[in-house]
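So you can see what is in the structure, the chains are spelled out below.
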Amino acid sequence: MDPRGTVEEIYVAPDSGEPMRTVDSVEAVDGRGLRGDRYFRERGLYDRRDNLQDGTDVTLIEREALDAAKRDDGTELRPRETRRNILTRDVPLNHLVDREFRVGGATLVGVRLCEPCSYMQSLAETEGAVAALVHRGGLNANVVETGTIAAGDAIEY
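To start, this report covers the structure provided alongside it. Bear in mind that the values here come from a model prediction, so they are computed numbers and not experimental data.

### Description of the overall build of the protein
Okay, so step 1: Assigned secondary structure in the protein consists of three helices and eleven strands.
Okay, so step 2: Element order for the protein, N to C, with α for helix and β for strand: β-β-β-β-β-α-β-β-β-α-α-β-β-β.
Okay, so step 3: For the protein, buried positions account for 48% of its 157 residues.
Okay, so step 4: For the protein, the share of sequence-separated contacts (at least 6 apart) that also reach a separation of at least 24 residues comes to 75%.
Okay, so step 5: Carbon and sulfur atoms form 42% of the exposed surface of the protein, whose accessible area is close to 7,400 Å².

### Description of the sheet that holds strand β3 (residues 25-29)
Two modes of strand pairing occur in sheets, parallel and antiparallel, and in both the strands are linked by backbone hydrogen bonds.
Okay, so step 1: If you walk across this open sheet you meet the three strands as β4-β3-β10, and the pairing is antiparallel. Pairing within the sheet leaves two strands with one partner each, and these edge strands are β4 (33-34) and β10 (147-150).

### Let's talk about unusual backbone geometry
Okay, so step 1: Here the phi dihedral of R83 falls at roughly 70 degrees; this positive angle occurs in a residue that is not glycine.
Okay, so step 2: Counting through the fold element by element, R83 comes out in the loop between α1 (63-73) and β6 (86-89).
Okay, so step 3: On the accessibility criterion, R83 (9% relative accessible area) is buried.
Okay, so step 4: Although it is not a glycine, D98 adopts a positive phi angle of roughly 70 degrees.
Okay, so step 5: Structurally, the position occupied by D98 is in the loop between β6 and β7 (100-103).

So, how was this worked out
- Residues numbered from 1 in each chain as written.
- Predicted model: local features only at pLDDT ≥ 70, side-chain atom pairs only at ≥ 80, totals over all residues.
- Heavy atoms only, no water.
- Helix = DSSP H or I, 4+ residues; strand = E, 2+ residues; numbered from the N terminus.
- Buried < 20%, exposed > 50% of the residue type's maximum accessible area, 1.4 Å probe, protein only.
- Contact = heavy atoms within 4.5 Å.
- Areas by Shrake-Rupley, 256 points an atom, 1.4 Å probe, with all protein chains shown as cover.
- Pairing = 2+ DSSP bridges.

In structure tokens:
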């Protein structure tokens, strides 16, 4: 693991549909997710869909993807509106499917792309959000080694 990116911001929501709030740091727990987040508490949307549970521990999205959505489609989304937990910079998330990587003190494994959905678009109240983020909506990952993640931490992949 040599290339590095950065954690720009971290977001959690205690329950499905509730606003994402910014935190300075969070404990990522093996097999559970981010302490205080809806999926850690088994209150997320996908906790109700057994076939989609794997990979819901943590979601990540690239700052560059949001910049591209604005540039290419004129769709402006604040990072918290994407419903993703970790905003990254300089990390090609699509390439991390089936790969382990370090985020701060935790180790994650990429499970699948986190394609945008109409639920996210409705909560963001931003028409065109789904289309703007297709194939750049981020990454679903699982925690495989517990550790603390803080804004400003390195991401090694």
